[in-house]
Amino acid sequence: MKEAEKIKALGTMQGYKKEIENMCAQLEALPLWNPAATLKKECREVLLRMDGLKTRFDRKLVVTIIGPGGAGKSTLMNAIAGTDNLSESGRRRPTTEKTLLLCKEPQDADDLKNVLGENNLLVKVAPDIPFFDHFVLVDTPDTDSTARQAHIPLVQKAIKGSDVLLCVFNAENPKTRDHVDFFADYIPYFQGDALIGVLNKCDRIAVAELKQAILPEFKTYIHAAWNRPLASLFCISARRHLRHPGWEPNAGPRHDFDQYAELQQVIAQSFNRPEYGIESRVENTRHLRNFMLEEVRGTAAKYTGKLLEARGAVARAEQSGLQKAFAAIREEGGGQGLGVNVLLYQRLANRWVGPMGWMIAIWARILIFGTGMMAMFRFGNPIRQVLGVISSLRHFKDAQAHVAGAEKNARVGAAMRGYRVEIMKNWPEIAEQLVQGGFQPSIRRPGHLIPQNQALDATLTGIWQAALGATLDRTSRRFSNFILQVFFNLPILALMGHIGWLTAGHYFSGDYLTTDFFLHAFLTAAIVLFLSFFLFQGCLRLFSSPENIELRTFRRIQEELDPFQQLSLNPLFEQLEIILAL
Ligand SMILES: Nc1nc2c(ncn2[C@@H]2O[C@H](COP(=O)(O)OP(=O)(O)OP(=O)(O)O)[C@@H](O)[C@H]2O)c(=O)[nH]1
Ligand SMILES: [Mg+2]
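Note that the coordinates shown come from a computational prediction; the quantities given were computed from them, not determined experimentally.

Undergrad: I tried to follow the site of ligand 1 on my own but got confused; where do I start?
TA: Lining the immediate surroundings of ligand 1 are 23 residues, of which Lys73, Ser74, Thr75, Thr96 and Asp203 lie closest. Arg204 is positioned with one of its side-chain polar atoms (N or O) 3.0 Å from a nitrogen atom of ligand 1. Here ligand 1 has 650 Å² of accessible area as a free molecule, and 95% of this is covered by the chains. In terms of residues, the shell around ligand 1 owes the most to one element, helix H3 (residues 73–81), which gives three residues.

Undergrad: Which parts of the structure should I look at to understand the pattern of salt bridges?
TA: In a structure, side chains of opposite charge can pair up when their charged atoms sit close to one another. Overall, the coordinates contain 28 salt bridges when judged by the stated rule. In this structure, Lys17 and Glu21 form a salt bridge, with 3.7 Å as the shortest nitrogen-oxygen distance. Taken together, the positions of Lys17 and Glu21, both in helix H1 (residues 3–28) and four residues apart, correspond to about one turn of that helix. In this structure Lys17 comes out as buried when scored by relative accessible area, which is 14%. As a salt-bridge pair, Asp163 and Arg56 come within 2.9 Å of each other at their nearest N and O atoms. Of this pair, Asp163 sits in the loop between helix H5 (148–160) and strand S5 (164–170) while Arg56 sits in the loop between helix H2 (35–55) and strand S1 (61–66), and the two are 107 residues apart along the sequence. Judged by relative accessible area, Arg56 falls into the buried class, the value being 7%.

Undergrad: Any chance you could explain the coordination of the magnesium ion (ligand 2) here in plain terms?
TA: Put simply, the ideal angle at a metal is 109.5 degrees for four donors in tetrahedral geometry and 90 or 180 degrees for six donors in octahedral geometry. Looking at the magnesium ion (ligand 2), the protein donor atoms are Ser74 (OG) and Thr96 (OG1), and they sit 1.9 Å from it. One end of the pair, Ser74, is in helix H3; the other, Thr96, is in the loop between H3 and strand S2 (99–103), with 22 residues separating them in the sequence. Residue class for Thr96 comes out buried when judged on its relative accessible area of 11%.

Undergrad: So what exactly am I meant to see when it comes to the packing of aromatic side chains here?
TA: All chains considered together, the criterion is met by 18 aromatic pairs. Note on Trp352 and Phe488: the rings are 6.4 Å apart at their centroids and 65 degrees apart in plane angle, and the pair reads as edge-to-face. Residue Trp352 is located in the loop between helix H10 (337–351) and helix H11 (354–369), and its partner Phe488 is located in helix H17 (residues 482–508); the two are separated by 136 residues in the primary sequence. Neither residue differs from the other here; Trp352 and Phe488 are each classed as buried. For the pair Trp352 and Phe536, a centre-to-centre distance of 5.0 Å together with 70 degrees between the ring planes defines the contact as edge-to-face. With Trp352 in the loop between H10 and H11 and Phe536 in helix H18 (residues 515–543), this residue pair connects regions lying 184 residues apart in the sequence. Each of the two residues, Trp352 as well as Phe536, counts as buried. Joined through ring pairs, the aromatic side chains of Phe132, Phe135, Phe271 and Tyr276 make up one cluster.

How each quantity is defined
- Residues numbered from 1 in each chain as written.
- Chains lettered and ligands numbered in written order.
- Predicted model: local features only at pLDDT ≥ 70, side-chain atom pairs only at ≥ 80, totals over all residues.
- Heavy atoms only, no water.
- Near = heavy atom within 4 Å.
- Polar contact = N/O pair within 3.5 Å; in protein donor to acceptor, adjacent residues only side chain to side chain.
- Areas by Shrake-Rupley, 256 points an atom, 1.4 Å probe, with all protein chains shown as cover.
- Helix = DSSP H or I, 4+ residues; strand = E, 2+ residues; numbered from the N terminus.
- Salt bridge = Lys/Arg side-chain N within 4 Å of Asp/Glu carboxyl O.
- Buried < 20%, exposed > 50% of the residue type's maximum accessible area, 1.4 Å probe, protein only.
- Donors = N, O, S within 2.8 Å, 3.2 Å for Na, K, Ca; no water.
- Phe/Tyr/Trp six-rings, centres within 6.5 Å; stacked < 30°, edge-to-face > 60°.

Nothing here speaks to function; it is all geometry.
Rendered as structure tokens:
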């Protein structure tokens, strides 16, 4: 394989791993959701396996023979190796007590030695062995004999360090429950091609029985037990392919049906292909990633129905909770008036031009520095709408701290109560749905449902600011349209035009005007400007008083409160959202 292709393959594997890491991080954020714990464990296992695959990325493929005691694992190994006494086989159970690795070069065994420990691995180096250029073969002890306690950890480790499993069954008794159950835990971690079924000792069974009964039954059985079909299954007689099968008299093979040649072809052509190792590791990593994603999605999907119901209920409760909160704020009384005025004049000042624009801008400043400032403090500021204005004015560094004390404010208190009462009322129903959706029963305690005061305050503030901003924008747009601007600017502009005309005419004729004239003209202009401004203020007050703006803002909030926007108020609901997004 070219270096560039190797790098690409590694990149692909890294990408898969990243996906699972992200998934793991998401599960990490779901401490209240029961299924997350199991899934997290699986994720970690998958990540470990992916690491293993990456570590031996360009090493030789590890093909491991597993199966119940006496199924003929060692015999199969000997047959493949072409040496009868390579791995001890026989009648005594168990025959094989250590893991045995067959390879061409001594260093081929290093990886598995590290995994199993030096003492647990016998290594047979056979430099002249045919094929074996690109893979190593491992024989394992059984997991169902009296010595299984000692064997099981060895087999477990060997499986984790393998790329391909040759699962050998005894055709005379293929449904070995212990064995099948034991391996069921490992099967999900191997992709189809990496899992090869072998029914051995087929020579002992009549062909008809084998083909018509044993084989189909076994396939169904394994499918059910391992939750997936075997991608490939070979009926063989391993012993027949030893150099000296040594059949006992009267116990020779009963027929010639044997798929050993096909199995051997897979070994010689697939396993022994130089690229196969890398390809199979990429494939196995991909399989691990798919397996894990399906696992998580499948689990989440089981609960989605209930969780969606819960989300709907939460949304409705939060919506009415927030409405109650704002209703409470409103009942506690107005007092935002001057603050609202500041914001309105600020906006108007941005839109108006001409002498009226200057007047409005000056007035906006006066409001901030004068009574406006006082009003903000006097009424506290539960909803810190004016904070932006204040903090933009460097002079009032203290303002922020001052306003931050507002949590204790009566209006916020009332809002919180309004919100809480509403949620508490709905909680039993919501909690029930959440528990059915996999959440821990402890969430029934209402302590979980109330967000931090600060969080609620921030949310209320956010909603209020947005709604107030929108109302103010509309009002200021209405009160700064072109016709209004012309109308209110016209008197002062006409007067200034006239004064200018007189002044210029006299100037050019050399007949200079007196100071009295200018004083008089200036006062007239000022009076006209003030009158226009007062008139404008009157109109504004009449049609859009601060109280009126507050009222409209409240109304807007009640109408437009987006039920799905507020779900993150409570950490529990954040988790709910994560699960629904899985
Ligand atoms: N008739 C027949 N006997 C076989 C065949 N394969 C193996 N045997 C016999 O089955 C017995 C057990 O074979 P082993 O290869 O030792 O089985 P194993 O799975 O390695 O057993 P453990 O190492 O104890 O787990 C031996 O006596 C073999 O000769 C086969 O294809 N046909
Ligand atoms: Mg053996």
